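Each chain, written out:
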Amino acid sequence: MNFRDYLHDHIVILDGGMGTLLQAQGLQPGEYPERWNLTHPDAVVAVHKAYYEAGSTIVSTNTFGANSLKFSSDELASIVKAAVANANAAKAQCKDGLPRFVALDIGPTGKLLKPLGDLDFEDAVSVFAQTVRLGVQCGVDAILIETMNDSYETKAALLAAKENSDLPVLVSNAYGEDGKLMTGATPAAMVAMAEGLGADAIGANCSLGPAQLRGVVEELLANASIPVLFKPNAGLPKMDNGNTVFDITPAEFADEVASQLAKGVRLAGGCCGTTPTYIALLSERAATVSPVPLTSKNRTVVSSYSHAVVFSDTPVLIGERINPTGKKRFKQALVEQDMDYILNEGIRQQEKGVHILDVNVGLPDIDEPAMLTRTVCDLQAILDLPLQIDTSDPVAMEAALRRYNGKALINSVNGKKDSMAAIFPLVKKYGGVVVALTLDENGIPETAEGRVAIAQRILDTAASYGIDKRDIVFDTLAMTVSADNRAALATLGALHTIRYTLGCHTSLGVSNVSFGLPCRDAVNSTFFALALQSGLSAAIMNPHSADMMKVYYAYNALKGTDENCAAYIAHAEEFAVTAASAPTVGASAAIDAASELQHAVIKGLQEKAATLTRALLAHTAPLDIVNNDIIPALNVVGDGFEKKTMYLPQLLMSAEAAKSAFEVIKSTMNSDASHANGTVVLATVHGDIHDIGKNIVKLLLENYGFCVVDLGKDVPPEVIVQQAVTLHAPLVGLSALMTTTVPAMEETIRQLRCDAPWCKVVVGGAVLTQDYADRIGADKYAKDAMETVRYAQELLL
C-alpha cells in the first residue's frame, strides 16, 4: 500500500523531535544535525527506530536544513542519500509487519523571499527542487514541507515538490500566538493556497504547544477538504540546570493532541521537545479514535498572502480601475512603467472597501507577461487584497499565476475548446478560482438558456481536468441595453439559473450594461441591484461610484447580511458625496492627517517617497523631514504591527519606503547626524543560519536612526564579543531560530558579561520565551522586531 492510499483511510502517527535527541547523544552547539547522517548514522538510525517502535507510521528524514544554500551540491547529495538510507534501515529493523513509511523532510531556507528579502522566488523553487529530486531518487514515500512561516516560501517548496515528483506532499506551517504566520497568513489563507496547488495534507507544527495551537487547528479543520496535520511542540522551552526542557508532560501532550484527532485531525506527531515517549502515549491514545471521514467544504475561496475571501451570501466587490480600457492616463502609466500611479490605483480602491482587485495591463505596446507579473508582485508587496489576474494571453496568465502569493481569481476562460485547453491546465497546476464566460465558438447566446447550456459544458470539461465546480465562477456577460433592450433580462435569467440550479457562484462586469448611455451610474447601480437579487456573488465595479456603493451597503442591510446595519451606518457619511470624482476618504484617521510623504511611507511606495523627499528638501531642513514625516509614518505602521492590524510585509515595505527617503536625505547630512541614536551590534548565533528575524530588526533600527553593525549568521561568540568591545556598543541583539543553537546564545551572553559588562543584550527568535531569555541572562526578550526598536529607543535615546 502506498502512503497516499493509507492516508485516505487511517490516522497517521508522525514522529517527534530530532535535534534535541541528537544533542543528548553529543551533537554540539553550532554543529549541523544533517551531517550526522554521514558521521553518526547509528545514532540517527536509533532515533528513527525508537519512533517506529513508539508507534510512528511515518518518520521524517534528518534533512530539515538540507539545501543547496547550506551545503555544496556533492555534500547535499551525500547527506540526503544517507538520511534516506538511515530511515530505511530503521524501518527494516522493525519486524512486526506493520505498514511504515519514510518522508523527505524539508524545512525553510532561513531567508525571506523578494520583495521582503533577497531570495528570488524562482531561486527558492530551484533550491527546494534540488532536495526533492534527491529524495525521490532515493525512494522516499512522501514529502513533508514543515515549519514554514511564510506563505510565499511555502508555495515555492510546494511547487518544487509537485513539479519534481508525484509523491504525496504534506504541508505544515509555524503559526504564532496570534494564529497567523510571521508574514500574516491565516490558516484559512494557507488552506486555500495549499489545496489549490494540490497538497495532500495541510497543517501546523512547531512554535507552540498543542493547547496554544488549538484555535489554529480548529480553523484548519473548518476550512480544509484535505487531511489536517498537527505536530506541536512539547509546550514552551525553558532552561533547567543548563538544559533545554519543555513544560508539557508526555501524558498532557498525548491527551491534547488525541482530542484533536477526535475532531478530525488525520496526521499527528510532535515537534521540538517531543521524544519517543510522547509519541508512544499519543499512539496509544490514537488507537481508540476512529478517523473522521474527509468531507468537501464546498467553499469558493480566493486568497492573498494574508487572508481568504469566500464567495458567500455577502457580495464580493472587485475593483475595476487597474485596467487600461477607456483610461488614457492609465495607458500612459503602463507605457512609461509608472508603477506609483498603478499602485496608487490599487491603494485608492482598497481604501474604498473592495475585497479583490482586478489587474489587467493588456496593451499592444508592452510586454504583457513581464508587465503583468511585475504589477502583480508590486501590488502584493504593498496591499494584502487578493487579486483577479485578468488577461487573454495564456503566457501572461501563467507567468503571473506562478508568482502570485495565494490563490488567485483568474479572468478568464470561456466555452471555446481552445480557451479551455489553454486555461484549465493552469488552474489545475497553480490553483485559483476561474471566471468562466458564457460564450463559445458561436458567440454569446441571446437567451439565458443558451448561456446556461455553455456553463454546463464548461463544468463538464473542467471536471475532466480535475477542477471542481466550486472553483468556477460564471460571468453571464452584461451586454449594453442601448443596443438591445432585453439584453439585461437574458443576463439576469442565466445568472439566476447558474446560481440556484447549477449551484455555482457568479460574477459580472456591471458597467458594461450602460455603455453608450448618459448618466451611466444610474443604469449601472440599478442593474447592480437587480443582479444582486438574482444571485450575483461578485461584481467587477468602480468603487468610487457613490451610487454603486450605496446599492451595495443598502442591499446587505436589507438582505440581513449586515448585522445591525453597522457597515451601512459606518459609510452613511460617504453616501452624501454624490460625485464619483470626489476626494477619497482614507482608511484611518492616522492616514487622513498624514502628509503626502507620510502616506507614501505608510503605504510602502518607495519611488514616490524618494520623489517627495527631494521636493521637500527644497524648502525643509533634512532633520525636520525625518522627525515630522518619516518617523511619524514609521510609528503609524509600527503601532499597527504591534496591535496586529498590520503585518510583516506592510512593516517591511514601509521600512523600505522610509529607506528610500533616507537615501535622498543622506546626501545633505553628515554621517554622524544620520546615525545619531547610537550603535547596535546584531548577529545570528553560532550554528544557526536563519537570519530573517535579524535582517528585519536591522532594517527597522536603521530607519529609526541607529547605526547597525550586522555580523551576519552563524557567528561565534568570540566575534560578537570582540565587536562589542571594539565599538563599546551599548546594545547587542542576538537571534536564534533553532533549539539546538540556544546554548550558543547563552555562551555569547556569558562572554559579554565578562568582557563587555556595560553592554545590554536583547534576544529574539522562534524558540525563545521570556522565561528562556531570563534563564540565559538576557536583559530583554523581544517577541518581534518592533519590540527591539522600542527597547533600543528606551535604552539609547
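Higher on the page you've got the structure.
For clarity, every value in this text was computed on a predicted model and none was experimentally measured. (Residues numbered from 1 in each chain as written. Predicted model: local features only at pLDDT ≥ 70, side-chain atom pairs only at ≥ 80, totals over all residues. Heavy atoms only, no water.)

## Overview of the sheet that holds strand β25 (residues 780-781)
Thought 1: Spatially, 5 strands are ordered β22-β21-β23-β24-β25 in an open sheet, and the strand pairing comes out parallel. This sheet does not close on itself; its edge strands, each paired only once, are β22 (707-710) and β25.
Thought 2: Of the strand pairs in this sheet, strand β21 (residues 679-684) and strand β23 (residues 731-735) are connected by 5 bridges, and their pairing is parallel. Its bridge partner being in β23, Ala-683 is matched across the sheet by Leu-734.
Thought 3: Most of the contacts of helix α29 (residues 692-703) go to β21, to which it runs at about 165°, and overall it touches β21, β22 and β23. (Pairing = 2+ DSSP bridges. Helix = DSSP H or I, 4+ residues; strand = E, 2+ residues; numbered from the N terminus. Contact = heavy atoms within 4.5 Å. Axes fitted to C-alpha atoms, helices over the stretch in contact; angles between N-to-C directions.)

## What to know about the pairing of strand β3 (residues 101-106)
Every regular strand shows the same layout, with side chains that alternate between the two sheet faces.
Thought 1: Among the 6 residues of β3, 6 are classified as buried, and the element is accordingly described as predominantly covered.
Thought 2: Two elements, strand β2 (residues 58-60) and β3, share 3 bridges in a ladder whose sense is parallel. Across the sheet, Ser-60 pairs through a bridge with Ala-103, a residue of β3.
Thought 3: Once the chain exits β2 it traverses helix α5 (residues 73-92) before rejoining the sheet at β3, and the crossover so formed is right-handed.
Thought 4: Looking at chain direction, β3 and strand β4 (residues 142-148) are connected through 4 bridges and run parallel. Of the residues in β4, the one forming a bridge with Leu-104 is Ile-143.
Thought 5: Taken together, β3, helix α6 (residues 121-138) and β4 form a β-α-β motif whose crossover is right-handed. (Buried < 20%, exposed > 50% of the residue type's maximum accessible area, 1.4 Å probe, protein only. Right-handed = clockwise from strand over helix to strand, strands pointing away.)

## Side note on the sheet that holds strand β20 (residues 538-541)
Thought 1: With parallel pairing, 8 strands are arranged side by side around a closed barrel as β13-β14-β15-β16-β17-β18-β19-β20. The average undirected angle you get between the axes of adjacent strands in this sheet is 30°.
Thought 2: Sheet topology note: the strand β13 (residues 316-322)/β20 ladder contains 4 bridges and is parallel. If you follow Leu-317 over to β20, its bridge partner there is Ala-539.
Thought 3: Seen against the sheet, helix α15 (residues 394-403) touches β15 (387-390) and β16 (409-414) and runs at an angle of roughly 155° to β16.

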